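Single-letter residue listing:
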Amino acid sequence: MGIGAGASPGSGGGSALALVPTMGALHEGHRSLIRLARERAAHVAVSIFVNPLQFGPTEDFSRYPRTFDADLEVCEAEGVSVVFAPSAEDMYLPDRQVGVSAGGMGAVVEGEFRPGHLDGVLTVVLKLFNLVQPDVAVFGQKDAQQLAVIRRMVADLNLPVSIVGGPTVREPDGLALSSRNRYLSPDDRVTALALSRALTAGAGRRAPAEIRRAALAVLEAEPSLALDYLVLVDPATFAEVGDGHAGEAILAVAARVGSTRLIDNVTLDIR
């Protein structure tokens with residue numbers, strides 16, 4: 001589906017094409033990724049596809065927000081050249097057999113709590129790369145493990161795509177923007193702020209053990225929050241870092257607030 005035929009190209013040079021893969025329900029975080037894509041390429045494509053392969057049997061695939069008309073308005077306002085919005089039947093054969101494995105990186109952290117999720121992410125991303133043929137693809141740092149496994153897939157499979165990570169966009173109170181935030185009741189939203197507070201508390205410490213303790217103390221003080229994990233990991237492998245670690249690390253958290261599962265993370269430079 002094409003839109004914005006008269007939209008002016010971005011500041012990127014030549015005929016380069018940047019892809020921003022999304023599942024729709026676009027918000028300011030997605031807008032920031034589109035703007036970043038426009039800095040990197042002359043033309044921007046946005047894909048909108050709620051990918052069934054990355055949802056488990058008890059997850060929220062059926063109720064995931066679908067706001068296609070509003071999403072098109074966002075894309076047009078941001079000067080997107082093309083919107084690609086396939087159906088599941090367009091993307092997957094009924095007897096599909098071959099997919100992409102995230103390997104060991106797909107079995108830890110998010111992969112431990114959502115088995116097969118990152119395999120589903122990589123499978124759809126590779127298909128999007130093959131169908132759209134972008135020079136650049138832009139993903140949000142909020143899904144840090146997803147970004148890490150996509151970078152690894154591109155390296156391992158020699159894909160001719162440059163991967164760009166966009167910073168997490170937050171509400172003024174610190175809550176990371178997410179399409180799932182609309183599920184939160186007013187009370188749930190107050191509870192959800194514990195995630196960003198925990199990351200801030202951890203970021204204020206220097207040693208790995210102190211970082212974990214400070215962040216965990218904030219989360220444990222919020223009884224309405226059901227913690228899945230709080231980890232301090234290597235940004236490239238998502239393996240837990242040791243107490244003597246120095247250099248970059250990602251402090252990542254996932255928790256359920258009411259019926260909504262939220263994730264967040266912050267990148268630290270431990271010295």
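Up top is the structure.
Computed from a predicted structure; not experimentally measured.

This paragraph deals with the overall build of the protein. Tallying secondary structure elements over the protein gives 8 helices and 8 strands in all. Its C-alpha radius of gyration of 19 Å places the protein within 12% of the 18 Å reference for a compact globule of 271 residues. Put simply, the protein has 271 residues, and 53% of those count as buried. The contacts in the protein between residues at least 6 apart in sequence include a share of 71% that link residues at least 24 apart. For the protein, the accessible area works out to roughly 12,700 Å², and carbon and sulfur atoms hold 52% of it. In the protein, which carries 24 positive and 32 negative side-chain charges, the distance between the mean positions of the two groups comes to 3 Å.

Here we come to the sheet that holds strand E3 (residues 82-84). Taken in spatial order, the 5 strands of this open sheet run E3-E2-E1-E4-E5, and their pairing is parallel. Because the sheet does not close on itself, it has two edges, and the strands there are E3 and strand E5 (162-166). Averaged over all pairs of adjacent strands, the angle between strand axes in this sheet comes to 25 degrees, irrespective of strand direction. Packed on one face of the sheet, helix H1 (residues 28-40) meets strand E1 (17-22), strand E2 (43-48), strand E4 (136-140) and E5 and runs near 155 degrees to E4.

Inspection of the entire model under this criterion finds 4 aromatic pairs. Ring centres of Phe-55 and Tyr-64 lie 5.9 Å apart, and the angle between their planes is 75 degrees; on these two criteria the pair is classed as edge-to-face. Judged on exposure class, the residue Phe-55 and its partner Tyr-64 are both buried. Ring-pair connections join several aromatic residues into one group, and the members of that group are Phe-55, Phe-61 and Tyr-64. Taking the ring centre of Phe-61 as reference, the NZ or CZ of Arg-66 above it sits at 5.0 Å. The ring of Tyr-92 has Arg-96 lying over it, and the distance from NZ or CZ to the ring centre is 5.7 Å.

Right, let's talk about the nonpolar core for a bit. Judged by nonpolar contacts, the single largest core of 39 residues is most densely connected at Val-125, Phe-129, Phe-139, Met-153 and Ile-163. Those elements that provide at least two residues to this core are E1, helix H5 (117-132), E4, helix H6 (144-156), strand E6 (225-233) and strand E7 (247-257). Once you skip the residues sitting within four places of it in the chain, Phe-139 turns out to touch Pro-21, Leu-33, Val-125, Phe-129, Gln-146, Leu-147, Ile-150, Ile-163, Val-164, Gly-165 and Gly-166. Within the second largest apolar cluster, 24 residues are counted, among which are Ala-194, Leu-251, Leu-268 and Ile-270.

The next subject is the pairing of E7. Counting buried positions along E7 yields 9 of 11 residues, so the element is predominantly enclosed. With 8 bridges connecting them, E6 and E7 associate as antiparallel partners. Paired with Leu-230 across the strands is Val-253, a residue of E7. By the bridge criterion, 11 bridges tie E7 to strand E8 (residues 260-270) in an arrangement that is antiparallel. When the bridges of E8 are listed, Ala-255 appears paired with Leu-262. Remark: 2 residues form the turn of the hairpin made by E7 and E8, two consecutive strands paired antiparallel; Gly-258 in that turn has positive phi of roughly 60 degrees.

Calculation rules
- Residues numbered from 1 in each chain as written.
- Predicted model: local features only at pLDDT ≥ 70, side-chain atom pairs only at ≥ 80, totals over all residues.
- Heavy atoms only, no water.
- Helix = DSSP H or I, 4+ residues; strand = E, 2+ residues; numbered from the N terminus.
- Rg over C-alpha atoms; globule rule 2.2 N^0.38 Å.
- Buried < 20%, exposed > 50% of the residue type's maximum accessible area, 1.4 Å probe, protein only.
- Contact = heavy atoms within 4.5 Å.
- Areas by Shrake-Rupley, 256 points an atom, 1.4 Å probe, with all protein chains shown as cover.
- Lys, Arg positive; Asp, Glu negative; His and termini not counted.
- Charge placed at Lys NZ, Arg CZ, Asp CG, Glu CD.
- Pairing = 2+ DSSP bridges.
- Axes fitted to C-alpha atoms, helices over the stretch in contact; angles between N-to-C directions.
- Phe/Tyr/Trp six-rings, centres within 6.5 Å; stacked < 30°, edge-to-face > 60°.
- Lys NZ or Arg CZ within 6 Å of the ring centre and 35° of its normal.
- Core = buried A, V, L, I, M, F, W, Y, C linked by side-chain atoms within 4.5 Å.

By themselves, these observations are geometric and do not establish any function.
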